[in-house]
Amino acid sequence: SPEVAEYALRLGDDALILAQQLGMWIARAPELEEDVALGNIALDLIGHARSLLHYAGTASGRSEDDLAYWRDEPEWRNAWLFEQPNGDFAHTIARQLAASVYLFELYGALMESTDPTLAAIAAKAVKEVDYHRDHATQWVLRLAGGTEESRRRMAVALNDTWPYVDELFHDDELVARLSDAGTAVLPSSLRGPFQEIISAVLVEAELELPTGRTAFTASGGGREGRHTEHLGPLLAEMQVLARAHPGASW
Amino acid sequence: SPEVAEYALRLGDDALILAQQLGMWIARAPELEEDVALGNIALDLIGHARSLLHYAGTASGRSEDDLAYWRDEPEWRNAWLFEQPNGDFAHTIARQLAASVYLFELYGALMESTDPTLAAIAAKAVKEVDYHRDHATQWVLRLAGGTEESRRRMAVALNDTWPYVDELFHDDELVARLSDAGTAVLPSSLRGPFQEIISAVLVEAELELPTGRTAFTASGGGREGRHTEHLGPLLAEMQVLARAHPGASW
Amino acid sequence: EAGQALFDELIARDSRIEPRDWMPEGYRKTLIRQISQHAHSEIIGMQPESNWITRAPSLKRKAILMAKVQDEAGHGLYLYSAAQTLGITREEMMDQLITGRARYSSIFNYLTPTWADMGAIGWLVDGAAICNQVPLCRCSYGPYGRAMVRICKEESFHQRQGFEILLELMQGTEEQREMAQDAVNRWYWPSLMMFGPPDDESPNSAQSMAWNIKRFSNDELRQRFVGMLVPQSEVLGVTLPDPALRWNEETGQYDMSEIDWDEFNEVLAGRGPANAERIRRRREAHDDGAWVREAAAAYAAKQAARQAEVA
Amino acid sequence: EAGQALFDELIARDSRIEPRDWMPEGYRKTLIRQISQHAHSEIIGMQPESNWITRAPSLKRKAILMAKVQDEAGHGLYLYSAAQTLGITREEMMDQLITGRARYSSIFNYLTPTWADMGAIGWLVDGAAICNQVPLCRCSYGPYGRAMVRICKEESFHQRQGFEILLELMQGTEEQREMAQDAVNRWYWPSLMMFGPPDDESPNSAQSMAWNIKRFSNDELRQRFVGMLVPQSEVLGVTLPDPALRWNEETGQYDMSEIDWDEFNEVLAGRGPANAERIRRRREAHDDGAWVREAAAAYAAKQAARQAEVA
């Protein structure tokens, strides 16, 4: 149905935009092991994105590539967290922590979806994002417990990233209807488990969530196609070649 | 003539690509005075680019915007120096030093062109690039003579930038013919004066041109439409909006 | 005291107070807060527009936009200078900004998803700024008033450029017209909020008016602004997104819908679209530039020492 | 000595030398140079391809390309490990690379202006690498030979993917076909140069062959490569850019034009298209990542200390 398609699009866009960003690290990571690790994570996410976009497109006869390459910015449905820039490695890790813990909870719950396609995608994805979660957690611990410099950077990165966490748990009419039907997971239902895991990581890292005057909460709006100033240039680069050759196959 | 148009295109592309890069500093510069200064320089360069591209387009009935927004990468004629990334402020300054000293010599000589349009553009531009040259020189002195960190960064930036200087002075058949006719300036004729000024700046800054194993010379090829890996993404961003609305006027 | 008396007299005569004149602490603090907030607004206000410099759809528009954003940096510089005459350093002000202890105009916490936002910001945001700022040219504090004279000239230029961007779009393709209307829809209400809360909820205004800092009330200025917009919107062919908007012969004012102050307060409280982004980017520019500023200071100190030696 | 005798015997029997075995200094040095150069080539070789990850024209191609570049990082890791068994640290090798004291395959100093380069690199560069590397699986030094077995498997996968990219382009639009042929034109000669100078100008080869490091001469491998390309180029429908290329029944070899060794030497001397870019980017990644590596090391040290306390 178009509603399930829209839901799959949200999930697929989250995965694809994050994969696109992580792909930028390849050949630029702090050590070769991280070129490999971030590449693996990006590959997993592209895999999720392809399944989800493929499914989202079936309702309207569009392919995964039609959706990835031929939608303009207001047609994208990813949450803002995923389009936040890589920043330094600490910022990438802070974004990975929030994203992977959220996705782990999401896919874990979505395995129970009454929609067999979504349930199957989630069942595969949950194992992979569990690894992503572990990767992010280990790095948060290392950076927080490493040097003074790394601890400072990790704290700044948390502060810069956390404004975008709130949006992940926004419900709207669409997800409310779909979750009533057992198809989708109600975002707000994930906030508790998310918070619990994050708290445990931060306790171990001896870090705290941002407080004070620069502890903002971004309004969000990605699910309705409103985006931050980072998505436009990202899409321009991602889509440029495909759009230069309409109808071509690669 | 098409040959003069091609020559104007080379000059115009140099100016436009550099302006595009400097424009990225605005609202990100190390101090507000530099937001203003780099903005001024970018504006001057856009002005030169518009005059030159306008002139280049007359031969083929294309507007400055046709040339700026609707050419693909292999049709761009700028030298590689101009498409090198901003890097940190020292890299931007090293690129500005090479670019502005080159452009000052170029426009100074081009004022004598038998082509009245080129001569007029050069006469206006030479005063502006004289200021750019002064701006770059002052910053080279400050960074070289500032702190240990700034001196280190300035030296790295020179090392990274200088491989792209050689191409500026490459002659080819086109410029040879045009300079025989008194229209163009033979690039190789500028190397001596360029080197003299650069040497004076570096002596005062107590810096040396790169030597040793990482003192490379990039082959170049921008005048024939071969470009480094930085131009493609730059063009994707620059052209994305115009290309999304073919035929629109802004 | 003598100082207070002279100050009161100058205010009563509607003369200027100058940096070396005695002034009440409250006056100084109010001005520092207002001028630095104004300066911060110029600096933060560069961001939503600089977002489109690299993607401007024609070279002419790119040049105009660059010049505009650069003007804003210049305005920031005048205003920081004016504030400095009151005994605060630029470093302190910048630190207040990036640690979230100083405010800037909340309007810059909105995003600029389309090119038409460059038009809407010029027309609506700069338009509202001008309505706010023209009276400030007569502000009792000399350096601020003089800075405003210079700034207002450029702002009205910016407003006209914004109008022209929208006009070009409204005369363009269907997509361009939609883009323009959409941007006006998004910026109209926030621009009305720029004048601040309704007069009956604006506690600081009375003192500022007594000191000849502020000359008109928030609601007066808002009315004046709407009065300016209505005929211009007709020329543009855009619809102002307020179905209740109409001239009321009886009151001699525009009737309008209630402003959604909840939204205003949300953004003010740090829950707008771009609060985090604005501060992050300013902090990053500041931190990334620290080594450059340190180098420039070290170099200047060395040069001064060298000259002292020679002398 | 006994060590030398055992070594000679192992070589004579075409057995493996292992890290703890005695080996001549020249053998060790040759291997360190060759293996680290090979590792560096994998790492630097990631750059020309990573250039297209963000712009890959389909999600499938994006995934394949990411996986490939990531494999190269993995190959680099195996190879650095193999070199480390000979008594050099990864840090030393990385330092040699970014200070220009170590070489990497000159082919990676070319640029990738179009998507078709992803095909041409796979087909031609990985193809040439395989021809070079398959015999290295039997290299007398155990860790290197075993690393090569693993690497060769993946490389042939990469070569097939490159072939598929070109095939898709050659079956596509006119523009796509031109793009493919252009890329083949640009990469063909540099890929032939990957086998090194002609046999009569390759001074180090004899010793390497005596030590069972190298198994075939440069020219033999080059012939084998061209022999592989010719039928594949026919399937693709691309023209190999050598008008003189043809099978010579008499010599049982391909006749080909002279290779332009001047170009090769220019690039080798640091005057290629991307030497500066490749080293700059590697250095920047290394420098930008320094604080991360330091943090990881500090954290590991603290954890180890804590465990020691507990024990």
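Structure: above.
Notes on the structure follow. (Residues numbered from 1 in each chain as written. Chains lettered and ligands numbered in written order. Predicted model: local features only at pLDDT ≥ 70, side-chain atom pairs only at ≥ 80, totals over all residues. Heavy atoms only, no water.)

Further remarks concern the overall build of chain C. Summing up its helical and strand segments, chain C has 13 helices and 2 strands in all. At 21 Å, chain C has a C-alpha radius of gyration in line with the 19 Å of a compact globule built from 311 residues. Along the first, second and third principal axes, the C-alpha set of chain C runs to 70 × 50 × 35 Å. When the 311 residues of chain C are sorted by exposure, 58% land in the buried category. Here the analysis covers contacts within chain C between residues at least 6 apart in sequence; of these, 76% occur between residues at least 24 apart. Accessible surface, chain C: about 13000 Å² in total, of which carbon and sulfur atoms supply 51%. Computing the positive centroid from 35 side-chain charges and the negative centroid from 45, chain C places the two 7 Å apart. (Helix = DSSP H or I, 4+ residues; strand = E, 2+ residues; numbered from the N terminus. Rg over C-alpha atoms; globule rule 2.2 N^0.38 Å. Buried < 20%, exposed > 50% of the residue type's maximum accessible area, 1.4 Å probe, protein only. Contact = heavy atoms within 4.5 Å. Areas by Shrake-Rupley, 256 points an atom, 1.4 Å probe, with all protein chains shown as cover. Lys, Arg positive; Asp, Glu negative; His and termini not counted. Charge placed at Lys NZ, Arg CZ, Asp CG, Glu CD.)

For the rest of this paragraph, the subject is the relation of the copies chain B and chain A. The operation relating chain B to chain A is a screw motion whose rotation component is 180°, with 0.0 Å of axial translation and a residual RMSD of 0.0 Å. Interpreted geometrically, this transformation is the action of a two-fold axis. Using C-alpha coordinates, one finds that chain B approaches the rotation axis most closely at Ala236(B), a distance of 2.9 Å. Here 100% of the interface residues in chain B have copies in chain A that are interface residues too; the copies meet face to matching face. (Least-squares fit on C-alpha atoms with pLDDT ≥ 70 in both.)

What follows concerns the interface of chain B and chain A. It is common to give the size of an interface as the accessible area that goes away when the parts come together. The interface is formed by 4 residues belonging to chain B together with 4 residues belonging to chain A. With both chains or domains summed, chain B and chain A bury close to 330 Å², and 80% of this area falls on carbon and sulfur atoms. The three residues of chain B that bury the most area against chain A are Pro233(B), Ala236(B) and Glu237(B), which together make up 77% of that side's buried surface. For the interface between chain B and chain A, the tally reads 0 salt bridges. Run the count over chain B and chain A and you get 0 residue pairs in polar contact (both at pLDDT 80 or more). (Buried area = accessible area lost by both parts, 1.4 Å probe. Salt bridge = Lys/Arg side-chain N within 4 Å of Asp/Glu carboxyl O. Polar contact = N/O pair within 3.5 Å; in protein donor to acceptor, adjacent residues only side chain to side chain.)

Now for the pattern of salt bridges. Side-chain pairs of opposite charge can arise where the charged atoms are in close proximity. All names here are of chain B. Considering all chains together, one arrives at 68 salt bridges over all chains under this definition. Between Arg 223 and Asp 14 there is a salt bridge; the shortest N-O distance is 3.0 Å. Taken together, the residues span a long stretch of sequence, with Arg 223 in the loop between helix 9 (191–205) and helix 10 (231–244) and Asp 14 in helix 1 (residues 2–23) at a distance of 209 residues. Among the residues examined, Arg 223 registers a relative accessible area of 11% and is labelled buried.

Quick look at helix 2 (residues 32–58) of chain B now. In a regular helix each residue adds 1.5 Å, so 27 residues correspond to 39 Å; helix 2 of chain B covers 39 Å between its end C-alpha atoms and thus fits that length. The element helix 2 of chain B is extensively covered by neighbouring structure, given that 19 of its 27 residues are classed as buried. (Expected span 1.5 Å × (residues − 1).)

Facing 48 residues of chain A, the contacting portion of chain D comprises 44 residues. Summed over both sides, the interface between chain A and chain D buries roughly 4000 Å², with carbon and sulfur atoms accounting for 67% of that surface. In this structure, the connection of chain A to chain D is made through 1 salt bridge. The shortest N-O distance in the salt bridge between Glu33(A) and Arg90(D) comes to 2.3 Å. Summed over the shared surface of chain A and chain D, the result is 15 residue pairs in polar contact (both at pLDDT 80 or more). Residue assignment for the side of chain A that touches chain D shows that the elements contributing at least two residues are helix 1 (2–23), helix 2 (32–58), helix 3 (64–69), helix 5 (89–110), helix 6 (116–144), helix 7 (148–161) and helix 10 (231–244) of chain A. A total of 11 residues in the side of chain A that touches chain D trace back to one element, the largest contributor, which is helix 2 of chain A.

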